[in-house]
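Remarks on the overall topology
Now for the letters of each chain:
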2 protein chains.
Amino acid sequence: MTSLNTKQKVMDAARSLFYTKGYNGTSVRDIAAKAKVNVSLISYHFKNKQGLLEYMMIHYFESYIELLESVQQEEKEHSSRELLRRMIEVIIHYKQTNYQFTCFIHRELTLDNVLVREMMVTYLAKEKYLLFGVFKRSLQTLGLKNLQINYYYIQFKGMLMTPFLMPYEMREHVSFDQSHDYFMKQYSNSIINWLEYIYNTNQKPGFKQSIM
Amino acid sequence: MTSLNTKQKVMDAARSLFYTKGYNGTSVRDIAAKAKVNVSLISYHFKNKQGLLEYMMIHYFESYIELLESVQQEEKEHSSRELLRRMIEVIIHYKQTNYQFTCFIHRELTLDNVLVREMMVTYLAKEKYLLFGVFKRSLQTLGLKNLQINYYYIQFKGMLMTPFLMPYEMREHVSFDQSHDYFMKQYSNSIINWLEYIYNTNQKPGFKQSIM
């Protein structure tokens, strides 16, 4: 077994165990057993469980930020509304493609510990710069107050997270396969529709509307 | 110290520790130390950590369901839209009043274990009956398809949970005291406005609109 294979196997096992049992509910032994590797190999590659989690989180967030940056660069010619729409699609796609780890990360981020704070400072600051930046610009043309924009942003971020924080409701109400393309398309559209609602209801009378 | 006092102290300590460190990250010893009671008293009242959690969860959900039921009974004379609006206010108020435990419960419900499944079967089935029932009726008059209603419900449930699942974003973007009445009012209104938008955009031309 190559080193790359081992690392991948360990991460796959950890992803699935963290998702169902949580970080604290999972031991290195559990991971080794599920990955069918020796515990010592986990120590060799990741030092310990914390090291493994850090590695996986960095991997997840690096790709996520890269995606957001690439959207922003590709689409320089577009309006902030189009850019935002594109970002929504890309984010939902990324989260859905990494379904289990996304669920786990969103759960983990509600905790208050050193690793979470580090991730916040590093990656969520970048996300804020990229995503909130575009979001704000797309609403500022409406002349909204900052507090109002912040409220909408909370709702917006909530919508991006929701499907990954309510597994039971998802299973019950959207009863097809979670990884299905149909879900991503439908769900992204439902957020885009919500944005349209904000643009429309905050439109000043006589203010010419830019097309979303 | 009376028995009631001890129970309350233990629950208060557990609530705060579960919130910051998670269930698995908190030991009975931690709880005893924070509550300034002897570990044996926790065993006496709740058997163990699992028993304590069950007791707290049942307590939380019983009151929650009771609230929803009382809204439904008080307001029999009202339309489903008015009923739904009232439920939104009551739910946000309850969640905000029990802020730490609400955050903890929403996090815990993303896990897959026996206790969570039991809570689901018992309380979330009741919530579904009460809340989804009203939600569905309020949208059915518009002639929407079931799948469409389910998608809206996912967004709706997400909006009810969001403030309690993103503590960092809340702190950053809504920078006043979490327990403030102003937040509850503003946030409830933002959900009600979103519903009004759905009612309006799905309104068939010529269909007489009932006032929300």
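Remember, it's a predicted structure, so these values are computed and weren't measured experimentally. (Residues numbered from 1 in each chain as written. Chains lettered and ligands numbered in written order. Predicted model: local features only at pLDDT ≥ 70, side-chain atom pairs only at ≥ 80, totals over all residues. Heavy atoms only, no water.)

Side note on the interface of chain A and chain B
Note on interface size: it is often stated as the accessible area lost on association of the parts. Listed per partner, the contact involves 48 residues of chain A and 47 residues of chain B. Across the interface of chain A and chain B, roughly 4400 Å² is buried in total on both sides, 63% from carbon and sulfur atoms. Of all residues in chain A, A:Tyr151, A:Tyr168 and A:His173 give up the largest surface area on contact with chain B, accounting jointly for 18% of the area buried on that side. In this assembly, chain A and chain B are joined by zero salt bridges. Summed over the shared surface of chain A and chain B, the number is seven residue pairs in polar contact (both at pLDDT 80 or more). Of the residues assigned to the side of chain A that touches chain B, the class counts are 26 nonpolar, 13 polar and nine charged. (Contact = heavy atoms within 4.5 Å. Buried area = accessible area lost by both parts, 1.4 Å probe. Salt bridge = Lys/Arg side-chain N within 4 Å of Asp/Glu carboxyl O. Polar contact = N/O pair within 3.5 Å; in protein donor to acceptor, adjacent residues only side chain to side chain. Nonpolar A, V, L, I, M, F, W, Y, C, P; charged D, E, K, R; others polar.)

What to know about helix H7 (residues 114–140) of chain A
Its axis deflected by about 35° at A:Met120, H7(A) carries its strongest bend there. The distance from a side-chain oxygen at the start of H7(A) to the backbone nitrogen of A:Leu115 is 3.3 Å, and the residue carrying that oxygen is A:Asn113. (Bend = angle between axes of the 7 residues up to and from the residue. Helix = DSSP H or I, 4+ residues; strand = E, 2+ residues; numbered from the N terminus.)

As for the UniProt feature "domain: HTH tetR-type" (unreviewed entry) in chain A
Under the UniProt annotation, the feature "domain: HTH tetR-type" (unreviewed entry) is placed at residues 4–64 of chain A. The straight-line gap between the two end C-alpha atoms of residues 4–64 of chain A is 22 Å; of that span, 82% is helix and 0% is strand. (UniProt positions renumbered as here; feature names shortened; annotations may be inferred.)

Details of the domain arrangement of chain A
All names here are of chain A. Here the domain parsing of chain A yields domain 1 (1–46) and domain 2 (52–201). On the side of domain 2, 13 residues touch domain 1, which itself brings twelve residues to the contact. For the pair domain 1 and domain 2, the summed buried area comes to about 1200 Å², and 72% of that belongs to carbon and sulfur atoms. Summed over the shared surface of domain 1 and domain 2, the number is zero salt bridges. (Domains from an automatic or database assignment.)

So, the packing of aromatic side chains
Under the criterion given, the structure shown has 38 aromatic pairs over all chains. Consider the rings of B:Tyr152 and B:Trp194, whose centres lie 6.2 Å apart with planes at 75°: the pair is edge-to-face. Pair noted here: B:Tyr152 is in helix H8 (residues 146–161) and B:Trp194 is in helix H10 (residues 181–201), with a separation of 42 residues, a long-range link. One aromatic cluster is present, formed by A:Phe18, A:Tyr23, A:Tyr60, A:Phe61, A:Tyr64, A:Tyr94, A:Phe101, A:Phe104 and A:Tyr123 through successive ring pairs. The ring of A:Tyr23 is capped by A:Lys49, whose NZ or CZ atom sits 4.2 Å from the centre of that ring. (Phe/Tyr/Trp six-rings, centres within 6.5 Å; stacked < 30°, edge-to-face > 60°. Lys NZ or Arg CZ within 6 Å of the ring centre and 35° of its normal.)

Details of the environment of B:Gly158
Inspection of the secondary structure assignment puts B:Gly158 in helix H8. Looking at B:Gly158, the relative accessible area reads 1%, which means it is buried. Spatially, the C-alpha atom of B:Gly158 lies 16 Å from that of B:His93, the residues being 65 residues apart in sequence. If sequence neighbours within four positions are ignored, B:Gly158 has contacts with A:Thr162 and A:Met166. (Buried < 20%, exposed > 50% of the residue type's maximum accessible area, 1.4 Å probe, protein only.)

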